[in-house]
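Chain by chain, the residues:
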Amino acid sequence: MKQKFNRRAFIGMTAAAGAGLTLVGPQFVWAQQSEKPAILGGSKAYTSGFSAWPIYDETEEKALISVLKSGNWGRLNGPVVGGFEQAYAKLNGSGHCLGVSSGTAALTTILGALGIGPGDEVVIPVYTFIATYNVVVLNYALPILVDTDIETFQIDAKKAEAAVTAQTKAIMPVHIGGTPADIDAFLALGQKKGIPIIEDACQAHLAEWNGKKVGNFGLAGAFSFQSSKNLNCAEGGAILTNDADFASTCYTFHNQGQGGTGISYGTGSGTRATNLRLTEFQGNLLLAQMTRLQQQAKTRSENAKYLTELLSDIPGIEPAKWYPGTTQSAYHLYMFRYLKEHFNGLSRDKFVEALTAEGIPCSQGYGQMNRDAYVTGLASNPHYLRIYGEKTMQEWLERNQCPQNDKLTGEQSLWFFQTMLLGTRENMEQIATAIRKIQQYAKQIAKA
Ligand SMILES: *Cc1c(COP(=O)(O)O)cnc(C)c1O
């Protein structure tokens, strides 16, 4: 282990000694022996604080005031949401974009447009935000939870195939953390079974698969603009699709079953629908925030790459791997595995505590959705029992076993947040230094 730590110092020194040589790669040199960790009374590795979120200035102020003063506050009254939809479609290379009131609303609209309801099954990952599950359950369809590929944190495509039945009406991979799921495998699966693929891209703004933006691969992709997301208007969402008919069905669903900008209901024109419209305020705020989006994505990506390189020197820290088709992650989350056997058996809880003491926030991330009382309670929900029967619901509990996800979430998974990646290269060095300190003093920390 000592050998491994010294490697970078060695490269740094030899490169510096060779006059006229250009240093390739990072010039960061590890200290031979780390300082004492903060949790043992040493000084913090990270003192500067992380980027504020949201980031805004007069651009956003003007955007909001101009809508206010126009008096046209809703999309049925003004042109701004339409303008945002065009801009977001263009940015993503998509045929059609529909702005909606949240990421959840985007998924709800897609499932509504597909006519999914009681008796239908929808395949989703177990490792996701609860919204992915909720949208299925609100339609009284059966969510089938699929195990995680422990190395990527993404839904396991092979296990997703095994979860498909004659009742499956949609397969909904999530690009978790902003990194693409195994898109090619899911497209092949959808084609083979004749089932639409819906991309939950709520964390994956500007992520790419073979150079093409996510949200363009399945029948449709859903995005979230909720406060924590990489593109933010407090609450908002969008659907991308390259299918004109589906775009129009989605529009109608989100606008009380009416096309155009109609707000009245003409008898004979309705379909099953709701109101999930985005407002002009949010539309203009999104356009303002989009002036920063690409630069922020670039900063996150460069910092994440550098952090990964630094962490590669630390055994027992395993950043989430990418599938070969991935050419860009949105880095909504920086996901990695903590293998305590490389830290003298120091528990993950203690590791997080030590990292927090260094001034570095770190989350254990999602838990085990399939074991959550709310989720297992579906098996005794009276509506579900009436629709599916006792036997099917008991079998459903069995189908949702996810051993790899249990291991990942129970022992290993950790996240850094997107705002941490908006800092400097030096910040990434401080994060790596903090982890290395903790590793070198793991025994003492365990006893403390
Ligand atoms: C945020 C999120 C959603 C829901 O988006 P909201 O805008 O909060 O409704 C759905 N799926 C995933 C994976 C998310 O991260």
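Residues numbered from 1 in each chain as written. Predicted model: local features only at pLDDT ≥ 70, side-chain atom pairs only at ≥ 80, totals over all residues. Heavy atoms only, no water.

As recorded in an unreviewed UniProt entry, the protein chain goes by the name dTDP-4-amino-4,6-dideoxygalactose transaminase, listed as coming from Parapedobacter pyrenivorans. Under Sequence similarities (unreviewed entry), UniProt gives the following word-for-word description of the protein chain: "Belongs to the DegT/DnrJ/EryC1 family." (UniProt positions renumbered as here; feature names shortened; annotations may be inferred.)

Novice: How should I be thinking about the nonpolar core in this particular structure?
Specialist: Nonpolar side chains in soluble globular proteins generally cluster together in the buried interior. Formed by 66 residues in total, the largest nonpolar core has its most connected members in Y133 and M172. Sort the elements by how many residues they give to this core and helix α4 (residues 103–113) lands first, with six residues. Apart from residues lying up to four places away in sequence, M172 is in contact with L107, L111, V122, V123, I124, P125, T132, V135, V136 and I198. (Core = buried A, V, L, I, M, F, W, Y, C linked by side-chain atoms within 4.5 Å. Buried < 20%, exposed > 50% of the residue type's maximum accessible area, 1.4 Å probe, protein only. Helix = DSSP H or I, 4+ residues; strand = E, 2+ residues; numbered from the N terminus. Contact = heavy atoms within 4.5 Å.)

Novice: In this structure, what is going on with the layout of surface pockets? I would like to understand it.
Specialist: Vacant regions in the atomic arrangement are exposed by a probe of water-molecule size rolled over the atoms. Looking at the largest pocket, its volume works out to about 210 Å³. As for the largest pocket, its lining consists of 18 residues, of which F129, A131, C202, S224 and K229 are closest to the centre. Going through the elements one at a time, α4 and α5 (130–137) are the ones with two or more residues in the lining of the largest pocket. Residue contributions to the lining of the largest pocket peak at three residues, all from α4. Residue composition of the lining of the largest pocket, by class: six nonpolar, ten polar and two charged. (1 Å grid on protein atoms, 1.4 Å probe; cavity = no way out; pocket = protein on both sides within 12 Å on 5 of 7 lines; lining within 4 Å. Points joined across faces, edges and corners; volume = space filled by probe spheres on them. Nonpolar A, V, L, I, M, F, W, Y, C, P; charged D, E, K, R; others polar.)

Novice: Help me out: how do you make sense of the site of the ligand in this one?
Specialist: Close to the ligand lie 15 residues, the nearest being G103, T104, Q203, S224 and K229. Within the backbone of G103, an N or O atom sits 2.7 Å from an oxygen atom of the ligand. Side-chain polar atom of K229 to an oxygen atom of the ligand: 3.0 Å apart, as the coordinates give it. Surface burial for the ligand is 94%, taken as the share of its 380 Å² of free accessible area covered by protein chains. More than half of the atoms of the ligand fall within 2 Å of the grid points belonging to the largest pocket. Secondary structure elements with two or more residues in the shell around the ligand: α4 and α5. Residues that form the shell around the ligand fall into these classes: four nonpolar, nine polar and two charged. (Near = heavy atom within 4 Å. Polar contact = N/O pair within 3.5 Å; in protein donor to acceptor, adjacent residues only side chain to side chain. Areas by Shrake-Rupley, 256 points an atom, 1.4 Å probe, with all protein chains shown as cover. Sits in = over half its atoms within 2 Å of the grid points.)

Novice: How should the packing of aromatic side chains be read in this particular structure?
Specialist: If you walk through the whole model with that rule in mind, you get 22 aromatic pairs. For the ring pair F336 and F416, a centre distance of 4.9 Å and an interplane angle of 40° mean the geometry is tilted. Within this pair, whereas F336 is found in strand β12 (residues 333–338), its partner F416 is found in strand β13 (residues 413–417), the two being separated by 80 residues in sequence. Per residue, the accessibility class of F336 equals that of F416, and both read buried. Here the aromatic rings of F343 and F351 are separated by 5.5 Å at their centres, their planes lie at 75°, and the arrangement is edge-to-face. The exposure classification of F343 matches that of F351, with both residues buried. (Phe/Tyr/Trp six-rings, centres within 6.5 Å; stacked < 30°, edge-to-face > 60°.)

Novice: Can you walk me through helix α8 (residues 244–254) in this structure?
Specialist: Spacing of three or four residues puts side chains on the same side of an α-helix, whose turn is 3.6 residues. Taken together, the buried positions of α8 are F246, A247, C250, Y251, T252, F253 and H254. On the buried face of α8, the contacting elements are β1 (96–100), α4, β8 (220–224) and β9 (237–241). The N-cap residue of α8 is D243: its side-chain oxygen and the backbone nitrogen of D245 are 3.0 Å apart. Looking one or two residues beyond α8, the residue adopting positive phi is Q256, at roughly 55°.

Novice: It is not clear to me how the packing of helix α9 (residues 280–311) against helix α14 (residues 425–440) should be interpreted in this structure. Could you clarify?
Specialist: Angle between the axes and distance between the axes: these two values describe a pair of packed helices. Where α9 meets α14, the closest approach of the two axes is 9 Å, and the angle between their N-to-C directions is 30°. In terms of orientation, α9 and α14 fall into the roughly parallel class. The way α9 lies across α14 gives a crossing that is right-handed. Residues N303, Y306, L307, L310 and L311 of α9 form the contact with α14, whose participating residues are R425, M428, E429, I431, A432 and I435. (Axes fitted to C-alpha atoms, helices over the stretch in contact; angles between N-to-C directions. Parallel < 35°, antiparallel > 145°, perpendicular 65-115°, else oblique. Left-handed = near helix turned anticlockwise from the far one by under 90°.)

Novice: Looking at this structure, how should I read empty space enclosed by the protein?
Specialist: Under the defined criterion, the tally for this structure stands at one cavity of 30 Å³ or more. By volume, the largest cavity is sized at about 40 Å³. For the lining of the largest cavity, the element with the most residues is helix α7 (residues 183–193), which contributes three residues. Of the residues assigned to the lining of the largest cavity, the class counts are seven nonpolar, two polar and one charged.

Novice: It is not clear to me how the side chain of D406 should be interpreted in this structure. Could you clarify?
Specialist: Along the chain, D406 falls in helix α13 (residues 403–412). Relative accessible area serves as the criterion here: at 18%, D406 is assigned to the buried category. Leave out the neighbours within four places in its chain, and D406 touches Q368, N370, R371 and E411.

Novice: In this structure, what is going on with the pattern of salt bridges? I would like to understand it.
Specialist: If charged atoms from side chains of opposite charge come close, those side chains can pair. Enumeration according to the criterion identifies 13 salt bridges in this entry. Across the salt bridge formed by R292 and D57, the nearest N and O atoms sit 2.9 Å from each other. Highlighted residues: R292 in helix α9 and D57 in the loop between α1 (2–17) and α2 (58–70), separated in sequence by 235 residues. Look at R292 and you get buried, because its relative accessible area is 16%. Among the ionic pairs, D147 bridges to K159, the shortest N-O distance being 2.8 Å. Here the residue D147 occupies a position in the loop between β3 (142–146) and α6 (157–163), and K159 occupies one in helix α6, the gap between them amounting to twelve residues. (Salt bridge = Lys/Arg side-chain N within 4 Å of Asp/Glu carboxyl O.)

Novice: What is the right way to read the packing of helix α3 (residues 80–92) against α9 from this model?
Specialist: Where α3 contacts α9, the two axes come as close as 8 Å, and the packing angle between them is 30°. When the axis of α3 is compared with that of α9, the two are roughly parallel. Along this stretch, α3 crosses α9, giving a crossing that reads as left-handed. In this structure, α3 uses V80, V81, G83, F84, A87, Y88 and L91 to contact α9, whose residues at the interface are E280, G283, N284, L286, L287, M290, L293 and Q294. Residues of the contact of α3 with α9, tallied by class, amount to ten nonpolar, four polar and one charged.

Novice: Can you help me understand the sheet that holds strand β11 (residues 326–328) in this one?
Specialist: The pairing of strands in a sheet comes from backbone hydrogen bonds and takes either a parallel or an antiparallel form. With antiparallel pairing, three strands are arranged side by side in an open sheet as β7-β6-β11. Across the chains shown, the open sheet's two edge strands, defined by having one partner strand only, are β7 (212–213) and β11. In this sheet, β7 lies alongside strand β6 (residues 208–209) in antiparallel orientation, the contact comprising two bridges. Across the sheet, residue E208 finds its bridge partner in β7, namely K213. (Pairing = 2+ DSSP bridges.)

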